[in-house]
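Spelled out from the first residue to the last, the chains are:
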Amino acid sequence: PPLKPTPQALPSAPTLDANPNRPSLERRPRGAMDADSAPLLAASAALGLLGVAALGVAAGRRRQDAELRAEVDGGCDGCDAADECASDILGTATAYHCHVLVATGVASDGLWNEKIEKVEGSFAQVLVGALKDLGMIAEKKKKDQEKAALGAGSDPTPKPKPTASPSPSLSPDAPAVPFAVKVTAVAEDATGGRNVLLYTNRYPRGVRIRVEQTAAGAQGLCEALLRSRDEGDALAPFQPEPLPWDKLILVCTHASRDKRCGRAGPQMLTHMSEALVKRGLGAGLPPDHPRHTHDPRGFLGAVASEISHRLAYGAPRPRVVLRGCSHIGGHKHAGVCIVYPEADWYGRISKANAAKLLARILSEEKLLPQLRGASRLKAPKT
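What comes next is a walk through the structure.

Definitions and limits used
Residues numbered from 1 in each chain as written. Predicted model: local features only at pLDDT ≥ 70, side-chain atom pairs only at ≥ 80, totals over all residues. Heavy atoms only, no water. Helix = DSSP H or I, 4+ residues; strand = E, 2+ residues; numbered from the N terminus. Buried < 20%, exposed > 50% of the residue type's maximum accessible area, 1.4 Å probe, protein only. Contact = heavy atoms within 4.5 Å. Areas by Shrake-Rupley, 256 points an atom, 1.4 Å probe, with all protein chains shown as cover. Polar contact = N/O pair within 3.5 Å; in protein donor to acceptor, adjacent residues only side chain to side chain. Expected span 1.5 Å × (residues − 1). Phe/Tyr/Trp six-rings, centres within 6.5 Å; stacked < 30°, edge-to-face > 60°.

**Considerations on the overall build of the chain**
Thinking step 1. Each helix and strand counted, the chain has 7 helices and 10 strands in total.
Thinking step 2. Of all 382 residues assigned to the chain, the portion counted as buried reaches 39%.
Thinking step 3. Long-range contacts, defined here as pairs at least 24 residues apart, represent 74% of the contacts in the chain between residues at least 6 apart.
Thinking step 4. In the structure as shown, the chain presents an accessible area of about 22100 Å², 56% of it carried by carbon and sulfur atoms.

Following this line, the structure appears as structure tokens:
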């Protein structure tokens, strides 16, 4: 018979103590930890706290947005149904003969004081003060003044609001002062030292002038504006030069004055800038503006857009710029803007109709549901 193999002893397994680097399997007391796991547990706890904090911030932001939506004209925060809202904003524009835009730099967009004329020692303060001394400041008619104008024997029954489409020439009531001037801060750099932009009856397409930012400079500008009604060269000492664009869209982004404009205004700038880029008209905003939209087509794309526009319309592309500005009035209708040189006022502009408004502006038409009125910049007859 075959011999049975002799069993061989198996090699003995190494003991746990043979590897000095292997951790001991001894049971540790509950709650005990080694030095290696302590940093990991601390990091996990920190991440957990950060997550809880992030959730709290997000909840607070959603709560603020909800409060903001509740304040914006009865809950409307620029939704997709903006065009379906009742057009009760017609006639809410302010009447004036001249608009003075004080260039405060691009970085100041939305960061102005609540009232620009309240900043001690600022040019806006001395300018508005000089205008008030001369009785030239444009102010919106107060409701108590309107009631007083009715008189004791007037019919108190309110007049129905117009239902027909408004005429493009519709303007607010004439100002009560001989030459009303509106002052606004604008996010524009003082190019070449020219720190003031003007839209007047003499310069309906706008000019840029150089004004000494002192009380004497403000007083001299006010007096020159008053004379400019009848004297064509009254502003010559301020070295006026034409503005380098065809149309200016002023968008209220004055967050410290009203948070509705502070929220809707920047969104409006973004959507209109994107619409300009899609049309091959540039971004409309300064390159250093935080909401500047870059054209991915670059220089060659701009040249191609210029050529196609000339072939289609027989004219160069219109130069359209967007600028944030301080309070212009009617923040309950945010987003609000003024379009020059037409001096048309618009309200309730949102992502749903920003591109539509731009298309109407470029085609020299009005977006009637959002039209607030127009200040024609015409001096009254004397």
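Moving on from the coordinates now.
**Observations regarding the environment of Arg323**
Thinking step 1. With respect to the element layout, Arg323 can be found in strand S7 (residues 320-325).
Thinking step 2. For Arg323, a relative accessible area of 9% gives the class buried.
Thinking step 3. Between the C-alpha atom of Arg323 and that of Leu248, which follows or precedes it by 75 residues, the distance is 7.4 Å.
Thinking step 4. Look past the residues within four positions of Arg323 in its chain and what remains in contact with it is Val186, Ala187, Glu188, Trp245, Leu248, Ile249, Leu250, Val251, Leu269, Gly284, Leu285 and Pro286.
Thinking step 5. Side-chain polar atoms of Arg323 contact the side chain of Glu188, separated by 2.5 Å.

**Brief notes about the environment of Cys261**
Thinking step 1. For Cys261, the location among the structural elements is in helix H5 (residues 259-278).
Thinking step 2. Linking Cys261 and Gly330, residues 69 residues apart in sequence, is a C-alpha distance of 9.4 Å.
Thinking step 3. Look past the residues within four positions of Cys261 in its chain and what remains in contact with it is Cys252, Thr253, His254, Pro266, His331, Ala334 and Val336.

**Quick notes on H5**
Along an α-helix, a turn takes 3.6 residues, which lines up residues three or four apart on a common side.
Thinking step 1. If you check H5, its first and last C-alpha atoms are 29 Å apart, about what 20 residues at 1.5 Å a residue would give, namely 28 Å.
Thinking step 2. N-cap assignment for H5: the residue whose side-chain oxygen lies 2.9 Å from the backbone N of Arg260 is Asp258.

**Thoughts on the packing of aromatic side chains**
Thinking step 1. All chains considered together, the criterion is met by 2 aromatic pairs.
Thinking step 2. Look at Tyr96 and Trp345: their rings are 6.2 Å apart centre to centre, the planes differ by 50 degrees, and that puts the pair in the tilted class. Linking Tyr96 in the loop between helix H1 (37-71) and strand S1 (98-103) with Trp345 in strand S9 (residues 344-346), this pair joins segments that are 249 residues apart in sequence. Trp345 shares its class with Tyr96; the two are buried.
Thinking step 3. The interplanar angle of 10 degrees and the centroid separation of 4.2 Å between the aromatic rings of Tyr199 and Tyr340 together place this pair among those described as stacked. Here Tyr199 is found in strand S3 (residues 196-199), whereas its partner Tyr340 is found in strand S8 (residues 337-340), with 141 residues between them in sequence. When sorted by exposure, Tyr199 lands in the same class as Tyr340, which is buried.

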